[in-house]
Amino acid sequence: MSNSLFSLPPLPYAADALEPFIDKATMEIHHGKHHAAYVTNLNKAVENTDLAGKSLEDMISSISKYPAAVRNNGGGHYNHSMFWNIMAAQGHELPHGKLDDAINSAFGSFDSFKEKFAAAAMGRFGSGWAWLILKNEKLEITSTPNQDNPLMDVADVKGFPILGIDVWEHAYYLKYQNRRADYITAWWNVVNWDAVLARFNNKK
Ligand code: MN
């Protein structure tokens, strides 16, 4: 039995902290079952291979070289680790600082950004993610299927994700059933703009 390479990060808040927008049962299953399974299966996929010891970021940036299990579970681990951190019960209501300027300059206004981001999230057929990325120092919106993300060499549009929404049904089905649009509308209430700004500044 080798040591696990990757581990499930704890939620940075209680499972019911995002109520009523995201319910406790969804958070418990999403984090404790879905994300946990990505970590377990990522460890299985890399143990006893020459990937053992490689960083997740290194694997993701050249993901086309690796088996599907690494792509799916490595992406799942990266994406969900980010997702928990860019949400909070009491984040700032609006982007601030340089991020506010960058959003206005890329999309015209915050409302226009939200509209375009929601359209990307609605337009992602089946399971996947919509992203706000930094690409060549500018903000862009994109989306990816399954557990891919814009850091992967296979992504259609590449960049550094500073915000992402999980639109897999497991992220919303218990509370919203088929109403993805309602989930997206509710989700804006729990975006932690401090954390998004930190990711922006980190790569800016
Ligand atoms: Mn998910």
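Everything below is about the structure printed above this text.
What you are looking at is a predicted structure, and each value in this text was computed from that prediction instead of being measured. (Residues numbered from 1 in each chain as written. Predicted model: local features only at pLDDT ≥ 70, side-chain atom pairs only at ≥ 80, totals over all residues. Heavy atoms only, no water.)

1. Considering the coordination of the manganese ion
The line we're drawing: Water is not among the atoms examined, so metal sites may look incomplete; donors are the N, O and S atoms within 2.8 Å of the metal, or within 3.2 Å for Na, K and Ca. Strands are runs of DSSP state E lasting at least two residues, helices are runs of H or I lasting at least four, and both sets are numbered from the N terminus onward. For every residue, the accessible area obtained with a 1.4 Å probe (protein chains only) is divided by the maximum for its type, and the residue is called buried under 20%, exposed over 50%, and partly exposed between those limits.
With distances of 1.9 to 2.1 Å, the protein atoms coordinating the manganese ion are His30 (NE2), His80 (NE2), Asp166 (OD) and His170 (NE2). For the manganese ion, all donor residues lie on one chain, and their spacing in sequence is H-x49-H-x85-D-x3-H. You can see His80 sitting in helix α3 (residues 68-85) and its partner Asp166 sitting in strand β3 (residues 160-166), a full 86 residues away along the chain. With respect to class, His80 is no different from Asp166; both count as buried.

2. What about the packing of helix α1 (residues 24-46) against α3?
Note the threshold: Note on method: axes are straight lines fitted to C-alpha atoms, helices fitted across the in-contact stretch only, with angles between N-to-C directions ranging 0 to 180 degrees. An angle below 35 degrees is treated as roughly parallel, one above 145 as roughly antiparallel, one from 65 to 115 as roughly perpendicular, and anything else as oblique. Each crossing gets its hand from how the near helix is turned against the far one by less than a right angle, where anticlockwise is left-handed and clockwise is right-handed. In what follows, a contact means two residues having at least one pair of non-hydrogen atoms within 4.5 Å.
For the pair α1 and α3, interaxial distance at closest approach is 8 Å and the crossing angle is 140°. Here α3 runs oblique to α1, going by the angle between their axes. As α1 runs across α3, the sense of the crossing is left-handed. Here Met27, His30, His31, His35, Ala37, Tyr38, Val39, Asn41, Leu42, Ala45 and Val46 of α1 lie close against α3, whose contacting residues are Ala69, Val70, Asn72, Asn73, Gly74, Gly76, His77, His80, Ser81, Phe83 and Trp84.

3. Digging into the sheet that holds strand β2 (residues 138-145)
The following threshold applies: The rule for pairing is simple: two strands pair if DSSP sees at least two bridges between them.
Pairing in this open sheet of three strands is antiparallel, and the strands run β2-β1-β3 from one edge to the other. Lying at the two open borders of the sheet, with one neighbouring strand each, are β2 and β3. Within the sheet, the average angular offset between the axes of one strand and its neighbour, ignoring direction, is 25°. Examined bridge by bridge, strand β1 (residues 128-135) and β2 share eight bridges and lie antiparallel to one another. Considered in β2, the bridge of Trp129 is made with Thr144. Together, β1 and β3 form the strand contacts of α3, whose direction differs from that of β3 by roughly 85°.

4. Considering unusual backbone geometry
Pro20 follows Glu19 through a cis peptide bond whose omega is 0°. Looking at the secondary structure, you find Pro20 in the segment before α1. One non-glycine residue with positive phi stands out, namely Asn48, at about 60°. Turning to its location among the elements, Asn48 is positioned in the loop between α1 and α2 (56-61). A positive phi is found at Asn136, a non-glycine position, where the angle reads about 50°. Checked against the element boundaries, Asn136 lands in the loop between β1 and β2. Among the residues examined, Asn136 registers a relative accessible area of 68% and is labelled exposed.

5. Some remarks on the side chain of His80
To keep things clear, this is the line we draw: Between N or O atoms, a polar contact is any pair within 3.5 Å; within protein, one atom must be a potential hydrogen donor and the other a potential acceptor, and residues adjacent in sequence are included only when both atoms are from side chains.
His80 sits in the buried class, given a relative accessible area of 0%. A distance of 2.7 Å separates a polar side-chain atom of His80 from the backbone oxygen of Gly76. At a separation of 3.1 Å, a polar atom in the side chain of His80 contacts the side chain of Asp166. Leaving out residues up to four positions away in the same chain, His80 has contacts with His30, His35, Tyr38, Trp129, Gln147, Asp166 and His170.

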